[in-house]
Amino acid sequence: MIPRRTLRTQLTLLYAGPFLVCGIVLLAIPLLGANQTEPVGPQTGVQHVPDGSDIHFHRVLIASAIGLAVMVVVSLVLGWLVAGRFLRPLRTITATARDISASNLHRRLDLRGRDDEFSELADTLDALFGRLEASFESQRRFVANASHELRTPLTAERALLQVALADPQATAETWRSTGRDVLELGQAQERLIEALLTLAVSERGIEHRETFDLADIAGEVVASRRHEAQRRGIHLDATLAPAPATGDPNLVRSLVTNLVDNAVRHNAAGGRLEVTTATATAATSTSMTDGRASVRVTNTGPVIPPAELDRLFQPFQQLGGQRIRHADGHGLGLAIVRAIAHAHGATLTPQARPEGGLDIQVSFPDGRSDDH
């Protein structure tokens, strides 16, 4: 079997090849000159006697051949060393990438101090490892949350069915009531699983971006939630100015939906809910938010201590330091909002209103640019 030629060997031959070709050309020049000075035609009866020029020519020819051989050897050695030095970053990248696995995706190549193709390759691989790490982490959290949160409704379903089966006097109405309860628990599980999947997808990041208008998305969400707000006696007001942004429209629609649902669910009777979209301008914003499209949801409700504000964006949390157990929600709404905002590079600014309720603003990168 012919041994595989490494890239270092190929580069060494590539470096040494031109030296060899140039040397052969230089050595061929005196040979061609010697052929042109040889007598033409038969030289009968005359014996050729080498003179001093012939001896000098042969010495030059031998010295040139020896010099060529030495240069070939030197070029091979230097080519081998230069190729090794040149490929050292590639060996580092290969060794580190081979050592990275699902258990230590937090490692990075971190090839600093260079500004060439190798650094670009390292940066690309680091970004890939970052996406893989986020994907694995979101998968682990999804499995952990799903296994924990689905245990309670499954236990409740089993208990309902066991009670109905153990009752010898169970009637058709009893079974219908049990069936309705089981269906309601099943619908709650579907909503929970859908929310968990949305959270997991958001945490993995965005692979494809497109331009959308926050005003259009917010308008659709407001229209679909207006009836529920009226049923709860909440006054819903929307001021929707054009606000172009870039990202995943489906995820952004989920973000706005969860903001509005959270504002409706945790509002006060007869309260208010305001949804606003706008694009910051130099006259109304700082340089950091200039040109950014934003959506803002403000609602009345219970007073939220500032120390509790950040914890509300954790999965399955509610006021009081307990995991949420609310029949009308899954406890993932604000966690989904934060994950989607982070995936879009958006700025999430929540504030607890002194009179009660929340004021949450999400500012997206400039929709006129794809730099993000």
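Residues numbered from 1 in each chain as written. Predicted model: local features only at pLDDT ≥ 70, side-chain atom pairs only at ≥ 80, totals over all residues. Heavy atoms only, no water.

Per the stated rule, a full pass over the model turns up 1 aromatic pair. Ring geometry for Phe 212 versus Phe 364: centroids 6.3 Å apart, planes at 85 degrees, classification edge-to-face. Separated by 152 residues along the polypeptide, Phe 212 in strand β1 (residues 210–213) and Phe 364 in strand β7 (residues 358–364) bring together distant segments of the chain. Side by side, Phe 212 and Phe 364 carry an identical accessibility label, which is buried. (Phe/Tyr/Trp six-rings, centres within 6.5 Å; stacked < 30°, edge-to-face > 60°. Helix = DSSP H or I, 4+ residues; strand = E, 2+ residues; numbered from the N terminus. Buried < 20%, exposed > 50% of the residue type's maximum accessible area, 1.4 Å probe, protein only.)

Put simply, helix α6 (residues 214–231) and helix α7 (residues 249–265) touch, their axes get as near as 9 Å, and they point 35 degrees apart. Considering the relative orientation of α6 and α7, their crossing is right-handed. Between α6 and α7, the contacting residues are Leu 214, Ile 217, Ala 218, Glu 220, Val 221, Arg 225, Glu 228 and Ala 229 on the first element and Pro 249, Val 252, Arg 253, Val 256, Thr 257, Val 260, Asp 261 and Val 264 on the second. Its residues placed into classes, the contact of α6 with α7 shows 10 nonpolar, 1 polar and 5 charged. (Axes fitted to C-alpha atoms, helices over the stretch in contact; angles between N-to-C directions. Left-handed = near helix turned anticlockwise from the far one by under 90°. Contact = heavy atoms within 4.5 Å. Nonpolar A, V, L, I, M, F, W, Y, C, P; charged D, E, K, R; others polar.)

Packing of α7 against helix α9 (residues 333–343) brings their axes to within 9 Å, and their N-to-C directions diverge by 145 degrees. Here the hand of the crossing between α7 and α9 comes out left-handed. Each of Leu 251, Val 252, Ser 254, Leu 255, Asn 258, Leu 259 and Asn 262 in α7 lies in contact with α9, whose residues at this interface are Gly 333, Leu 334, Ile 336, Val 337, Ile 340 and Ala 341. Tallied by class, residues from the contact of α7 with α9 come to 9 nonpolar, 4 polar and no charged.

Taken together, 5 strands build an open sheet; the order of strands is β2-β4-β5-β7-β6 and the sheet is mixed. The open sheet is flanked by β2 (235–240) and β6 (347–352), the only strands paired with a single partner. Going across the sheet, the axis of each strand differs from the next one's by a mean of 10 degrees, ignoring polarity. Pairing of strand β5 (residues 293–299) with β7 involves 7 bridges; the strand directions are antiparallel. Bridging from a neighbouring strand, Asn 299 pairs with Leu 358 of β7. (Pairing = 2+ DSSP bridges.)

Take the pairing of β7 next. Buried residues dominate β7, accounting for 6 of its 7 residues. With 6 bridges joining them, β6 and β7 adopt antiparallel strand pairing. Bridging from a neighbouring strand, Pro 350 pairs with Ile 360 of β7. Count of turn residues in the β6/β7 antiparallel hairpin: 5 residues, of which Gly 356 carries a positive phi of about 115 degrees.

Two side chains bearing opposite charge may form a pair once their charged atoms approach each other closely. Scanning the entire structure with this criterion turns up 10 salt bridges. Of the charged contacts, one joins Glu 228 and Arg 231 as a salt bridge, the two residues approaching to 2.7 Å between their closest N and O atoms. On the criterion of helical spacing, the pair formed by Glu 228 and Arg 231 is a turn pair, its members being 3 residues apart in helix α6. Notably, a salt bridge pairs Glu 274 with Arg 272, separated by 3.9 Å at the nearest N-O pair. (Salt bridge = Lys/Arg side-chain N within 4 Å of Asp/Glu carboxyl O.)

This part is about the confidence of the model for the chain. Across the chain, the average pLDDT comes to 78, with 78% of residues at or above 70. For residues 282–288, every residue scores under 50 in pLDDT, and the model assigns this stretch 3 contacts once sequence neighbours within four places are set aside. Ignoring residues within four places in sequence, the model shows residues 321–327, a span with pLDDT below 50, making 21 contacts including any to other chains. (pLDDT = per-residue confidence, 0-100.)

Turning to α6, a few remarks are in order. The end-to-end C-alpha distance of α6 is 26 Å, a good match for the 26 Å that 18 residues give at a rise of 1.5 Å each. Of all the bends in α6, the largest measures some 40 degrees and sits at Arg 225. The secondary structure elements touched by the buried residues of α6 are β1, β2, α7, β4 (272–279), β5 and β7. Looking at where α6 begins, the residue whose side-chain oxygen comes 2.9 Å from the main-chain nitrogen of Ala 215 is Asp 213. Backbone geometry just after α6 places Gly 233 at a positive phi near 75 degrees. (Expected span 1.5 Å × (residues − 1). Bend = angle between axes of the 7 residues up to and from the residue. Polar contact = N/O pair within 3.5 Å; in protein donor to acceptor, adjacent residues only side chain to side chain.)

On to the nonpolar core, then. Of all hydrophobic cores here, the largest spans 50 residues; its most connected members are Leu 255 and Phe 364. Those elements that place two or more of their residues in this core are α5 (172–204), α6, α7, β4, β5, α9 and β7. With residues near it in sequence (within four places) discarded, Phe 364 still touches Leu 214, Ala 245, Val 252, Leu 255, Arg 292, Ala 293, Val 295, His 344 and Ala 346. Membership of the second largest hydrophobic core comes to 8 residues, among which are Ile 100, Leu 109, Leu 111 and Phe 118. (Core = buried A, V, L, I, M, F, W, Y, C linked by side-chain atoms within 4.5 Å.)

Note that Leu 183 resides in helix α5. Between the C-alpha atom of Leu 183 and that of Glu 157, which follows or precedes it by 26 residues, the distance is 9.1 Å.

In this section: α7. Note that an α-helix has 3.6 residues per turn; residues three or four places apart therefore point the same way. Here α7 contains 17 residues, and its C-alpha end-to-end distance of 24 Å stays within 8% of the 24 Å for a straight helix at 1.5 Å per residue. Summarising burial for α7: 14 of the 17 residues are buried, a large majority. With a side-chain oxygen lying 3.0 Å from the backbone nitrogen of Asn 250, the N-terminal cap of α7 falls on Asp 248.

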